[in-house]
Amino acid sequence: MSFQVDGTNSFISKLRQGGARATLFEVNITLKGDASSSGSQTEFKFMCKGVQIPANAIGITTVNYFGRAVKIPGNRTFEDLTTTIINDEGYPIRNQLENWMGKLNSHLGNVRDKSFVQKIGGYVADMTLQTYKKTGEVDRKYIFKNCFPTSLDQIDVNWDPNDAVMEYGVTWAYDYWEHVNITGT
């Protein structure tokens, strides 16, 4: 296809609703069992600065037949999820995450807290990612089932970023995600 003079207008006409905005989202965590006792979770939806809509990957199983590799769909894989958190004074979310991770595996003893050993539901959370339309309506919703933090990034403290708020990354493992259908999408 060659370049057309009306190419821009044709392109814009395909964005009937003006294009989805990456900044219209929120993330919530619903802690389960004893993980919920590790602090306040209400700030998370306001302080989560960034997240990803999950990748969708199915592994491949290769079977050889008469010298030819035949590919068959394999198991679904779920990559870790990362979030970027804005840090507030008092470090409420970071304190909660450090406490949670300390119960998963303590710094000194290299052991799991007794309350977290009893059942998997005791130390996991469900994380919900919602994206919004420009009208304020929910556009898409993803639920990450049975997630827990596996990595808490460092926070750089120095004299250079005079007008910056602290932020850090958190890596989450989870069992699977579900896309929840929203009416009209």
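Criteria and cut-off values
- Residues numbered from 1 in each chain as written.
- Predicted model: local features only at pLDDT ≥ 70, side-chain atom pairs only at ≥ 80, totals over all residues.
- Heavy atoms only, no water.
- Phe/Tyr/Trp six-rings, centres within 6.5 Å; stacked < 30°, edge-to-face > 60°.
- Helix = DSSP H or I, 4+ residues; strand = E, 2+ residues; numbered from the N terminus.
- Buried < 20%, exposed > 50% of the residue type's maximum accessible area, 1.4 Å probe, protein only.
- pLDDT = per-residue confidence, 0-100.
- Contact = heavy atoms within 4.5 Å.

Turning our attention to the packing of aromatic side chains. Per the counting criterion, the structure on display carries seven aromatic pairs. On the basis of an interplanar angle of 80° and a centroid distance of 5.9 Å, the ring pair of Y123 and F148 is categorised as edge-to-face. Highlighted residues: Y123 in the loop between α4 (114–117) and β6 (125–132) and F148 in strand β7 (residues 138–152), separated in sequence by 25 residues. Residues Y142 and W177 carry aromatic rings whose centres are separated by 5.5 Å and whose planes lie at 70° to one another, so their mutual orientation is edge-to-face. On the criterion of sequence distance, the pair formed by Y142 in strand β7 and W177 in strand β9 (residues 176–180) is long-range, its members being 35 residues apart. Of the two residues, Y142 and W177, both sit in the buried class. A connected cluster of aromatic rings, assembled from ring pairs, spans F44, W100 and W172.

Across the protein, the average pLDDT comes to 85, with 85% of residues at 70 or higher. The spread of mean pLDDT over the elements of the protein runs between α4, the lowest at 69, and strand β8 (residues 167–173), the highest at 96.

Moving on, we come to the environment of V138. Along the chain, V138 falls in strand β7. For the pair V138 and I182, spaced 44 residues apart in the sequence, the C-alpha separation amounts to 7.3 Å. Setting aside residues no more than four positions away along its own chain, V138 makes contact with Q130, T131, Y132, K133 and I182.

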